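Structure assessment
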Amino acid sequence: MLMNDAIVYKERGVRRVSPGIGKIFYTPDVSESLKPRVGMAFDSIDQAYGFYVKYAHASGFSVRKNTSYNNSKGVLRLKYFTCSKEGFKIPNKGKGKRRKPSKRVGCEAHIMLQLTDDGKFEVYIFQEEHNHSFVHEEDLQFLTSVRRVDHVKENVIQALSTINLGPVRAFNVLKSLYGSYEEVGATITDFKNYKRDLNQYIGENDADMVIKRLAKKK
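What comes next is a walk through the structure. Model, not experiment: these values are computed from the prediction.

Things to note about the overall build of the chain
- Helix and strand counts for the chain come out as 5 helices and 7 strands.
- In the chain, the order of α-helices and β-strands from amino to carboxyl end is β-β-β-α-β-β-β-β-α-α-α-α.
- At a minimum sequence separation of 6, the contacts of the chain that also span at least 24 residues come to 52%.
- Carbon and sulfur atoms make up 52% of the accessible area of the chain, which totals about 14,500 Å².

What about the pattern of salt bridges?
- According to the stated counting rule, one finds 6 salt bridges in the structure shown.
- With a shortest N-O distance of 3.3 Å, E32 and K35 are connected by a salt bridge.
- We classify E32 as exposed; its relative accessible area is 53%.
- Looking at K35, the relative accessible area reads 13%, which means it is buried.
- D43 is the salt-bridge partner of K120, the closest N and O atoms lying 2.3 Å from each other. With K120 in the loop between β6 (110-115) and β7 (121-127) and D43 in the loop between β3 (41-42) and α1 (45-59), this residue pair connects regions lying 77 residues apart in the sequence.

Quick notes on the nonpolar core
- Judged by nonpolar contacts, the single largest core of 24 residues is most densely connected at Y52, F61, V63, F81, L113 and V123.
- For this core, the elements supplying multiple residues, two or more each, are α1, β5 (76-83), β6 and β7.
- The greatest single-element share of this core, amounting to 7 residues, is contributed by α1.

Observations concerning the packing of aromatic side chains
- This structure, assessed with the given rule, holds 8 aromatic pairs.
- Between Y55 and F61 the ring centres are 5.9 Å apart and the planes differ by 80 degrees, which places this aromatic pair in the edge-to-face class.
- On the basis of relative accessible area, Y55 is assigned to the buried category, the value being 1%.
- A relative accessible area of 2% means that F61 is categorised as buried.
- Here the aromatic rings of F61 and F134 are separated by 6.4 Å at their centres, their planes lie at 40 degrees, and the arrangement is tilted. Of this pair, F61 sits in the loop between α1 and β4 (63-70) while F134 is found in the loop between β7 and α2 (151-161), placing the two residues 73 residues apart along the sequence. Summarising the burial analysis for this pair, F61 and F134 share the class buried.
- In textbook terms, an aromatic cluster arises when at least three aromatic residues are bridged by ring pairs, as seen for Y26, Y52, Y55, F61, F126 and F134.

So, the pairing of β5
- Note: β4 against β5, 6 bridges, orientation antiparallel. Within β5, the position partnered with S68 by the bridge is K79.
- Taking the residues that link successive antiparallel strands as the turn, the β4-β5 hairpin has 5 residues, and the phi of G74 there is positive, at about 85 degrees.
- In terms of strand pairing, β5 meets β6 through 5 bridges, oriented antiparallel.

Side note on the sheet that holds β4
- Taken in spatial order, the 5 strands line up as β3-β7-β6-β5-β4 in an open sheet, and their pairing is antiparallel. Every interior strand has two partners, whereas the edge strands, β3 and β4, have only one.
- Relative to β7, β3 is paired through 2 bridges, and the arrangement is antiparallel. Paired with F42 across the two strands is F121, which belongs to β7.

Cut-offs applied
Residues numbered from 1 in each chain as written. Predicted model: local features only at pLDDT ≥ 70, side-chain atom pairs only at ≥ 80, totals over all residues. Heavy atoms only, no water. Helix = DSSP H or I, 4+ residues; strand = E, 2+ residues; numbered from the N terminus. Contact = heavy atoms within 4.5 Å. Areas by Shrake-Rupley, 256 points an atom, 1.4 Å probe, with all protein chains shown as cover. Salt bridge = Lys/Arg side-chain N within 4 Å of Asp/Glu carboxyl O. Buried < 20%, exposed > 50% of the residue type's maximum accessible area, 1.4 Å probe, protein only. Core = buried A, V, L, I, M, F, W, Y, C linked by side-chain atoms within 4.5 Å. Phe/Tyr/Trp six-rings, centres within 6.5 Å; stacked < 30°, edge-to-face > 60°. Pairing = 2+ DSSP bridges.

In structure tokens:
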């Protein structure tokens, strides 16, 4: 490939231009079996979240857990899951802090679930359309809601740290084992964040408690 050749990615989803104002909206183009539907019921809120994350991953966007409403007894009645680009970030006016550009663009795509009388969580609202384009298939592994440091990765980070090898080396070890960084299912930053949290945890507890915590996840 010539140096001036550029990779052209095919735009994902169904594109719609709003008449008059010219705003562009995108609807995920995925199998109907992956789409939430109004009236669809789930046994738990975690099951509903997992379904929406799977739909989001296939579509090319990430999910944020949003507003919850509990009744007077503390029972969850309503729950919102939104696109990670929902809302707008409030500017940080603090001095001396590096300002990171916000990825939030006021996207209104979301799903709202309500608790039914028989204890199910039913889809009450499903807003499908987004005001931004979707992540390309080659970059899906970088979506925040599908990246995670599971107990296998935790054990590798902890084991290598005992011989003074940091999270970057742990990531490279797993990348070699899995064959590519796409297959790791997390980024170097995720590994660094976990190691930071682990160091803080160790600082507040003793090593035996950390070992017990990791053992429970096996």
